[in-house]
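As a plain string of letters, each chain reads:
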Amino acid sequence: MKKPTFFGGLALAALLVLAAVALNDRHPGAVEDGARLLPQLETTLNEVTRIRIQGAGDDQVTLLREESGWQVGERSYPADVGDIRELLISLSEATVLEEKTSNPALYERLGVQDYGTGETDNKQILIWAGDAQIAGVVLGKTASQPRGSYVRLIGGEASALADRVLVASADATQWLSTALINVAPDQVEQVDVTPSNSESYRLQRDEETRELVLNGLGEAETAKGANIARVSRVLQNLRLEDVLPPDASAPDTGWSSAVYVLSDGSTVTVEAIEQDERKLARLNIAASETASDELRAAAERTRDRVFEIQGYKYNDVTLARSLMVESGDA
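Residues numbered from 1 in each chain as written. Predicted model: local features only at pLDDT ≥ 70, side-chain atom pairs only at ≥ 80, totals over all residues. Heavy atoms only, no water.

(A) Layout of the side chain of Q40. Along the polypeptide, Q40 turns up in helix α2 (residues 39–42). A polar side-chain atom of Q40 sits 2.8 Å from the main-chain carbonyl oxygen of I134. (Helix = DSSP H or I, 4+ residues; strand = E, 2+ residues; numbered from the N terminus. Polar contact = N/O pair within 3.5 Å; in protein donor to acceptor, adjacent residues only side chain to side chain.)

Set out below in structure tokens:
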């Protein structure tokens, strides 16, 4: 299968030749006022296969281009391709405004000392095409006048001020593709909710009014329409905050569940639990024969994974029955 590319493709060998020409025999670690910071990157964007960003302490993220697309290595989960594209283009277009100090004793003033040394936090960005590392830069402090970032190429002596603020998070969660599923409330025909610590209940769409109603209301009970709406909206723009690695352990018991039956016959089961103050959820999507491509894709990317979700979505999918009604005696 052909690897995905950003801009269409030339063979890697040809691109590397063009990169060498663009460098004009400049030393890989050298910088030049008015020149591109990483001229070799501009002609090899299509061939980038791995990016590693290292930050403070143990913070590190590895972005990998595989046949299925870009992945966050630390999570074995799809990455946000737009964010990766933005980073690579920004790095490839960054221009040196001014060469700065070449004295290692002064590097830390700009935050461009060797990564992992000194007391000032900085970042290191490494980029590969295949097995070849084609770029490496230490990202230091942000300058205010003129606005930009202090940088130093790995292996180079001279630091520089780049013409833009370069942003590269070493937090793996910042690179994840966050969309899980998106189902409009009016596509929900029925919901069977089983909270972990209260009785089960069913929401069902009335055939005449087409409104979701709470089944089994007592004589003195009135359904709370606002809370019915909350449950119906759980699948609308459900997004992840994080995803547990595939080998991470999850609780065996104590999960709440909500089984959604959709108008196309598909079912979506959402299970939720709180663990160590994290709101966790897992999805089981059984797509019908007439299900949309989007729902089928959601089923594929969520299968056998546990996600951290937004707190309000967790609250909505675990609502107790007592919160769905109000008593006539109240």
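From this point, the discussion proceeds with the structure in view.
(B) Structural view of the pattern of salt bridges. Within the structure shown, the criterion is met by 15 salt bridges. Across the pair E42 and R36 runs a salt bridge, and its minimum N-O distance is 3.2 Å. Residue classification places E42 among the partly exposed positions, given a relative accessible area of 43%. R36 sits in the partly exposed class, given a relative accessible area of 29%. The salt bridge involving D163 is made with R164; its shortest N-O contact spans 3.0 Å. With relative accessibility at 28%, the residue D163 sits in the partly exposed group. Three or more residues joined by partner-sharing salt bridges are found here, namely R75, D242, R278 and E308. (Salt bridge = Lys/Arg side-chain N within 4 Å of Asp/Glu carboxyl O. Buried < 20%, exposed > 50% of the residue type's maximum accessible area, 1.4 Å probe, protein only.)

(C) Examining the sheet that holds strand β19 (residues 307–309) more closely. Pairing is antiparallel in the open sheet, where nine strands are placed in the order β10-β15-β19-β18-β17-β16-β11-β12-β13. Each edge of the open sheet carries a strand with a single partner, namely β10 (179–181) and β13 (212–214). The mean angle between the axes of side-by-side strands here comes to 30°, regardless of whether they run parallel or antiparallel. In this sheet, strand β12 (residues 201–205) lies alongside strand β11 (residues 188–194) in antiparallel orientation, the contact comprising four bridges. Bridge pairing in β12 places V193 opposite Y201. Relative to the sheet, helix α6 (residues 293–302) contacts β10, β16 (256–262), β18 (278–286) and β19, its axis offset from that of β10 by approximately 115°. (Pairing = 2+ DSSP bridges. Axes fitted to C-alpha atoms, helices over the stretch in contact; angles between N-to-C directions. Contact = heavy atoms within 4.5 Å.)

(D) Local environment of the nonpolar core. Counting residues in each nonpolar core, the largest one holds 75 residues, and the members touching the most others are I51, I127, I181 and Y260. Filtering out sequence-adjacent residues up to four positions away, I181 remains in contact with L235, Q236, N237, L238, V268, L283, I285, L295, A298 and R301. Ranked by size, the runner-up nonpolar core spans six residues in total, among them Y107, L110, A143 and L161. (Core = buried A, V, L, I, M, F, W, Y, C linked by side-chain atoms within 4.5 Å.)

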